[in-house]
Amino acid sequence: MERSALINKVKTRIDEVCASGDVIVEVGVENTKPYDSIINELLDESALEILLKAPFYRLTITSASLSGAQNSNDDKIGSITLPTDFLRLVSFRMSEWKRPVTSFALPGDAVANMQSNEHIRGGVAKPVAVIKKNGNSYTADYYSVKSSHEVAEFQYIKRDSAENIADTQLVDAMCWICAGKTLGVLGQQGIANLCYENAKSLMI
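None of the values given here were measured: they were computed from a predicted structure. (Residues numbered from 1 in each chain as written. Predicted model: local features only at pLDDT ≥ 70, side-chain atom pairs only at ≥ 80, totals over all residues. Heavy atoms only, no water.)

A. Expanded view of the packing of helix 2 (residues 35-53) against helix 4 (residues 168-185). Packing of helix 2 against helix 4 leaves a shortest axis separation of 8 Å and a crossing angle of 130 degrees. Of the possible angle classes, the one that applies to helix 2 and helix 4 is oblique. At the point where helix 2 passes helix 4, the crossing takes the right-handed sense. Of the residues in helix 4, those touching helix 2 at Tyr 35, Ile 38, Ile 39, Leu 42, Leu 43, Glu 45, Ser 46, Ala 47, Glu 49 and Ile 50 are Leu 170, Ala 173, Met 174, Ile 177, Cys 178, Lys 181, Thr 182 and Val 185. (Axes fitted to C-alpha atoms, helices over the stretch in contact; angles between N-to-C directions. Helix = DSSP H or I, 4+ residues; strand = E, 2+ residues; numbered from the N terminus. Parallel < 35°, antiparallel > 145°, perpendicular 65-115°, else oblique. Left-handed = near helix turned anticlockwise from the far one by under 90°. Contact = heavy atoms within 4.5 Å.)

Okay, structure coming up:
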């Protein structure tokens, strides 16, 4: 959906929850920033919230061809560099793994800490992957393989703009979220919360 159409859709949602239709004004907020500009700035933030929280079956799943890189000190473990637009993992499987990893462990948590011990770390039956930040990019260390460092599958949800949200129901949820964020900026938190509840009911 075009950006201008999304902005108008958000304004319609705001009108729906406001007792008076005079909330939407063209003169701007504090006479410095047009109302449409506030909505425009919040749309991609609202899209990000949708992409992080909505069920996978409603989102566009992206597949990437990645290469595993063997660890120089241990030929049973390695790492992959995640796509630059990576946001959320759907499925990651090395060719020898019997099942995929569907969520990353985080550095410092109990699962991640176990991977330093070769006797209890993940293996082909119960693999583990730990996400790490390297500068401006992200990598994932995988535990572990027998011999092959071939990536069989990597599926993920990518970071995207509001215009590229495809599911009609999620577009409605995104507009409700954006309406809530806009009303929050204007100090109307009570009405904003109603918008968030409307959005939540659509993300199923």
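Okay, back to it.
B. Main features of helix 1 (residues 3-17). Between its first and last C-alpha atoms helix 1 spans 22 Å; for 15 residues at 1.5 Å apiece the expected length is 21 Å, and the two agree. Turning to helix 1, its buried residues number three or more, namely Arg 3, Leu 6, Ile 7, Val 10, Lys 11, Arg 13, Ile 14 and Val 17. An end-on view of helix 1 places all buried positions within 155 degrees of arc, on one side of the element. The elements touched by buried residues of helix 1 are helix 2, helix 4 and helix 5 (189-202). (Expected span 1.5 Å × (residues − 1). Buried < 20%, exposed > 50% of the residue type's maximum accessible area, 1.4 Å probe, protein only. Arc of directions from axis to C-beta.)

C. Focus on the side chain of Lys 181. Along the chain, the position of Lys 181 falls in helix 4. For Lys 181, a relative accessible area of 16% puts it in the buried group. With residues up to four places along the chain from it excluded, the contact list for Lys 181 reads Leu 42, Glu 45, Ser 46, Glu 49 and Tyr 196.

D. Local environment of the nonpolar core. In terms of nonpolar packing, the biggest core is built from 35 residues, with Val 10, Leu 43 and Ile 50 touching the most fellow members. For this core, the elements supplying multiple residues, two or more each, are helix 1, helix 2, strand 4 (86-94), helix 4 and helix 5. In terms of residue count, the dominant contributor to this core is helix 4 (10 residues). Among all residues touching Leu 43, those that are not within four sequence positions of it are Arg 3, Leu 6, Ile 7, Val 10, Ala 162, Met 174 and Cys 178. Membership of the second largest hydrophobic core comes to 19 residues, among which are Val 101, Ala 129, Ala 140 and Phe 154. (Core = buried A, V, L, I, M, F, W, Y, C linked by side-chain atoms within 4.5 Å.)

E. Representation of the packing of aromatic side chains. Applying the stated rule across the entire model yields eight aromatic pairs. Seen in terms of ring centroids, Trp 97 and Tyr 142 are 6.5 Å apart; in terms of plane orientation they differ by 75 degrees. Their pairing is edge-to-face. Of this pair, Trp 97 sits in the loop between strand 4 and helix 3 (110-114) while Tyr 142 sits in strand 6 (residues 137-143); the two residues are 45 residues apart in sequence, bridging distant segments of the chain. Tyr 142 matches Trp 97 in its accessibility class, with the two residues each being buried. In textbook terms, an aromatic cluster arises when at least three aromatic residues are bridged by ring pairs, as seen for Phe 86, Phe 92, Trp 97, Phe 104, Tyr 142, Phe 154 and Tyr 156. (Phe/Tyr/Trp six-rings, centres within 6.5 Å; stacked < 30°, edge-to-face > 60°.)

F. Geometry of the side chain of Thr 182. Mapped onto the fold, Thr 182 is located in helix 4. Classification of Thr 182 by relative accessible area gives buried; the value is 0%. Only 2.8 Å separates the side chain of Thr 182 from the backbone oxygen of Cys 178, close enough to count as a polar contact. Once you skip the residues sitting within four places of it in the chain, Thr 182 turns out to touch Ile 14, Tyr 35, Ile 38, Ile 39 and Leu 42. (Polar contact = N/O pair within 3.5 Å; in protein donor to acceptor, adjacent residues only side chain to side chain.)

G. Representation of the pattern of salt bridges within the structure. Following the criterion strictly, the structure yields 13 salt bridges and no others. Put simply, Arg 13 and Glu 16 hold a salt bridge, and the shortest N to O gap is 3.0 Å. Of this pair, Arg 13 and Glu 16 both sit in helix 1, separated by three residues, roughly a single helical turn. Arg 13 sits in the buried class, given a relative accessible area of 13%. (Salt bridge = Lys/Arg side-chain N within 4 Å of Asp/Glu carboxyl O.)

Honestly, it's all geometry; don't read function into it.
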